[in-house]
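Structural overview for review
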Amino acid sequence: MLDPFLKHRREQQAVHERKVAGRRDSMASLISVEINVMDACNRTCSFCPHADPKMYPNQPKWRMPLETSRNIARQLATMKSVCRVSFSGYGEPLMDRNVYQHVKTYRRFLPDNTIEMNTNGDALNVDRIQRLFTAGLTAIYVNLYDGPEQVGTFTRMFEEAGVGAYHLRPHFDEKDDWGLTLNNRSGLVNPLADPMAHRCHYPFYKMFIDWNGSVLFCANDWGRNIIVGNVLGESIKDIWLSDKMKEIRLRLAVGDRSHHPCSGCDVDGTLHGEFSFAALMDYYG
């Protein structure tokens, strides 16, 4: 049986493909831009680097300025990008008091794009749900870590808020057939002894932008090992099509994950993103 969330992501990819059909534009490969607005979390989950403050301390001052969001949104609008914008990253976005303004900013510049948020749900209530969707959020994903009783709690909350565009993602079931429930954060937690021997699509379809505008080569690079540019001084297009990204992609395209941090990563990066992989490999000739 196909994992429901994987099915959802593949449906989103199909929608993206239809939107860019016929475009001879290498930037059409960019399906998702993930935004890290806050580098702190209220939880210390055992599977997350935040569990060890010596390894990954909370940095509550590491918040994305609103001007950085405007810069990103303006660039995406100028490129006529149809990518989805996702508030997720390495912290809990609802800990940022400016999160509603961030959502409004992207919606103002990108009236037709999908704007999503990932949250552990601890700070959610009816009023905050309504404020997020009034600001322009398209959908929200609530990660459930505590137990099945959370399903009823959040279902009732969203019903009371009058919002149906939400997805509950259970992470309390140890069975994990699809590599989507938990991962080792590019080896920062329980690194692999030997690299996986197959390709990865992540850097082909998703751009990760950190709180300070830095762009990481992969959203799973929690150690911030490979920074490929910064949107405050470079264009998103130049970064996405840079020689540095090309070098990384061509290695991953042939299943070479011997370089750090990919060597310690346990993410199966081939579950979706085939469209972007094919588009960029065609662009590279």
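Throughout what follows, the structure given in this document is the object of discussion.

Rules and cut-offs
Residues numbered from 1 in each chain as written. Predicted model: local features only at pLDDT ≥ 70, side-chain atom pairs only at ≥ 80, totals over all residues. Heavy atoms only, no water. Phe/Tyr/Trp six-rings, centres within 6.5 Å; stacked < 30°, edge-to-face > 60°. Helix = DSSP H or I, 4+ residues; strand = E, 2+ residues; numbered from the N terminus. Buried < 20%, exposed > 50% of the residue type's maximum accessible area, 1.4 Å probe, protein only. 1 Å grid on protein atoms, 1.4 Å probe; cavity = no way out; pocket = protein on both sides within 12 Å on 5 of 7 lines; lining within 4 Å. Points joined across faces, edges and corners; volume = space filled by probe spheres on them. Nonpolar A, V, L, I, M, F, W, Y, C, P; charged D, E, K, R; others polar. Core = buried A, V, L, I, M, F, W, Y, C linked by side-chain atoms within 4.5 Å. Contact = heavy atoms within 4.5 Å. Pairing = 2+ DSSP bridges. Axes fitted to C-alpha atoms, helices over the stretch in contact; angles between N-to-C directions. Disulfide = S-S within 2.5 Å.

In this section: the packing of aromatic side chains. Evaluated as defined, the whole model comprises twelve aromatic pairs. Ring plane angle 80° and centroid distance 5.6 Å describe the contact between F87 and Y106, whose orientation is recorded as edge-to-face. Residue F87 is found in strand β4 (residues 84–87), and its partner Y106 is found in helix α3 (residues 99–109); the two are separated by 19 residues along the sequence. For F87, a relative accessible area of 0% corresponds to the buried category. By relative accessible area, Y106 is classed as buried at 0%.

Throughout the structure, instances matching the rule amount to three cavities of 30 Å³ or more. Lining the largest cavity are 43 residues, with S88, N118, N143, R169 and R185 sitting closest to its centre. Looking at the lining of the largest cavity, the elements with two or more residues in it are α1 (4–20), β1 (32–35), β4, β5 (115–119) and α6 (202–205). Counting residues per element, the lining of the largest cavity draws most heavily on α1, at three residues. Within the lining of the largest cavity, the residues separate by chemical class into 17 nonpolar, 17 polar and nine charged. In this structure, the second largest cavity spans a volume of roughly 100 Å³. Among the residues forming the lining of the second largest cavity, the class breakdown is ten nonpolar, two polar and two charged.

Take the nonpolar core next. Within the largest apolar cluster, 66 residues are counted, with the highest numbers of intra-cluster contacts made by I35, L124 and L132. Top element by residues in this core is helix α4 (residues 126–135). It accounts for five residues. Those residues in contact with L124, other than ones at most four positions away along the chain, are L94, T119, I129, L132, I140, V142, F154, M157 and F158. Judged by nonpolar contacts, the second largest core, of nine residues, contains C45, F47, C48 and Y56.

Moving on to the layout of surface pockets. Its volume calculated, the second largest pocket comes out at about 270 Å³. Surrounding the second largest pocket, 14 residues form its lining, R23, R24, D25, A279 and D282 being those nearest its centre. Only α1 and α9 (274–283) provide two or more residues apiece to the lining of the second largest pocket. When residues of the lining of the second largest pocket are assigned to their parent elements, the largest contribution, four residues, is made by α9.

The next subject is the sheet that holds strand β8 (residues 206–209). Taken in spatial order, the eight strands make up an open sheet running β7-β6-β5-β4-β1-β8-β9-β10, and their pairing is mixed. Across the chains shown, the open sheet's two edge strands, defined by having one partner strand only, are β7 (166–170) and β10 (227–230). Taking each pair of neighbouring strands and ignoring which way they run, the sheet shows an average axis angle of 25°. As defined by bridge partners, strand β9 (residues 214–216) adjoins β10 across three bridges and the pair is classed as antiparallel. Across the sheet, the residue bridging to S214 is N230, located in β10.

Moving on, we come to the environment of I140. Summarising the element assignment, I140 is placed in strand β6 (residues 139–144). Between the C-alpha atoms of I140 and T119, which are 21 residues apart in sequence, the distance is 7.7 Å. Contact partners of I140, with chain neighbours within four places excluded, come to M117, T119, L124, L132, F133, F158, A165, Y166 and H167.

Quick look at the environment of L241 now. Among the structural elements, L241 can be located in the loop between α7 (236–240) and α8 (243–253). Judged by its relative accessible area of 16%, L241 is buried. When the C-alpha positions of L241 and L280 are compared, they lie 9.1 Å apart, and in sequence the two are 39 residues distant. Setting aside chain neighbours within four positions, we find L241 in contact with S26, M27, L280 and Y283.

A word on the state of the cysteines. Per the counting criterion, the structure on display carries zero disulfides. Left without a disulfide partner, C218 is nearest to the cysteine sulfur of C200, which lies 5.8 Å away. For C218, a relative accessible area of 9% puts it in the buried group.

Let us look at the side chain of Q75. Secondary-structure assignment places Q75 in helix α2 (residues 66–78). Contact partners of Q75, with chain neighbours within four places excluded, come to V231, E234, S235 and I236.

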